[in-house]
Amino acid sequence: MTALELRGVSKVYGEGPTEVHALREVNLSVDAGDLVAVMGPSGSGKSTLLTIAGSLEDPTAGEVLVGGLALSGLSRNDRARLRRRSIGYVFQDFNLLAGLTAVENVALPLELDGIAAKKAQASGLAALEQLGLSDQGSRFPDQLSGGERQRVAIARAVVGDRRLLLADEPSGALDSVNGEAVMRLMRAACRRGVAGVVVTHDAQLASWADRVVFLRDGRVVDQTSPPLGPESLLQPTPSQ
Ligand code: ADP
């Protein structure tokens, strides 16, 4: 099933002489279970693509479909519900709330969606367990290591029944070992049926994805599928 589809998406910021074409007729389709990396130079439109895919901004032209639903056909409330229930975001600095424990951070999106605290916390714990953090649920972010904080942020992004995982340079502030760990976790989440889109500038990390989409000046200039990633080294050489 196609979890995310961008059809001819363009985005123009500003008007007249200050006009910026951040995206130009981008077509992209991500199936459930797929992890797609987006690469490109600074200013090529990577973050814009992610914000539009996450329905945080409207395209100037084109259509975005999440789980087969065209966003333009949804009311504001329905879009807000879709963002709360179906889309998980992982931000560069992870944005954990310091006053909440790990499990409270993970359960927060569910509680904000009106789910009773007990039930939300049970789902939060289940998500932490998937990421190997069941013992750390009652710790506060400053009692966790950097690597554990990333995993809490990823747990929060996949908690409940999220279908689409969007990550903007989730490894930006990390060393290469932790950066790879984030990619491995995102990949594992995708194996469980989530569709993932991750922006990264690091080719080594992008090689964890099933596909790499290259942007330049707002256009998709290349797509590789499948890349020769670290896992491919463990497999027999594919015949070309
Ligand atoms: P990247 O993530 O690849 O660095 P962005 O998507 O952030 O690229 O930006 C693409 C282009 O759109 C850049 O020229 C940037 O300056 C411009 N841009 C992004 N967001 C805005 C905005 N809110 N207002 C005006 N211009 C913007």
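Data block above holds the structure.
One structure accompanies this document, and this report is about it. A quick note: this is a predicted structure, and the numbers were derived from the prediction, not measured. (Residues numbered from 1 in each chain as written. Predicted model: local features only at pLDDT ≥ 70, side-chain atom pairs only at ≥ 80, totals over all residues. Heavy atoms only, no water.)

What to know about the sheet that holds strand β4 (residues 61–66)
At step 1: Strand order in the open sheet formed by four strands is β2-β1-β4-β5, with antiparallel pairing between adjacent strands. Each end of this open sheet is capped by a strand with a single partner; those strands are β2 (20–31) and β5 (69–70).
At step 2: Relative to β5, β4 is paired through two bridges, and the arrangement is antiparallel. Bridging across to β5, L65 finds its partner in A70.
At step 3: With respect to the sheet, helix α1 (residues 46–53) is in contact with β1 (2–13), β2 and β4, its orientation differing from that of β1 by roughly 125°. (Pairing = 2+ DSSP bridges. Helix = DSSP H or I, 4+ residues; strand = E, 2+ residues; numbered from the N terminus. Contact = heavy atoms within 4.5 Å. Axes fitted to C-alpha atoms, helices over the stretch in contact; angles between N-to-C directions.)

Points about the site of the ligand
At step 1: The immediate surroundings of the ligand are formed by Y13, V20, A22, P41, S42, G43, S44, G45, K46, S47 and T48.
At step 2: One of the backbone nitrogen or oxygen atoms of S47 is found 2.9 Å away from an oxygen atom of the ligand.
At step 3: If the ligand stood free it would expose 570 Å²; the protein chains cover 59% of that surface.
At step 4: Sorting the residues of the shell around the ligand by element identifies β2 and α1 as the ones contributing at least two each. (Near = heavy atom within 4 Å. Polar contact = N/O pair within 3.5 Å; in protein donor to acceptor, adjacent residues only side chain to side chain. Areas by Shrake-Rupley, 256 points an atom, 1.4 Å probe, with all protein chains shown as cover.)

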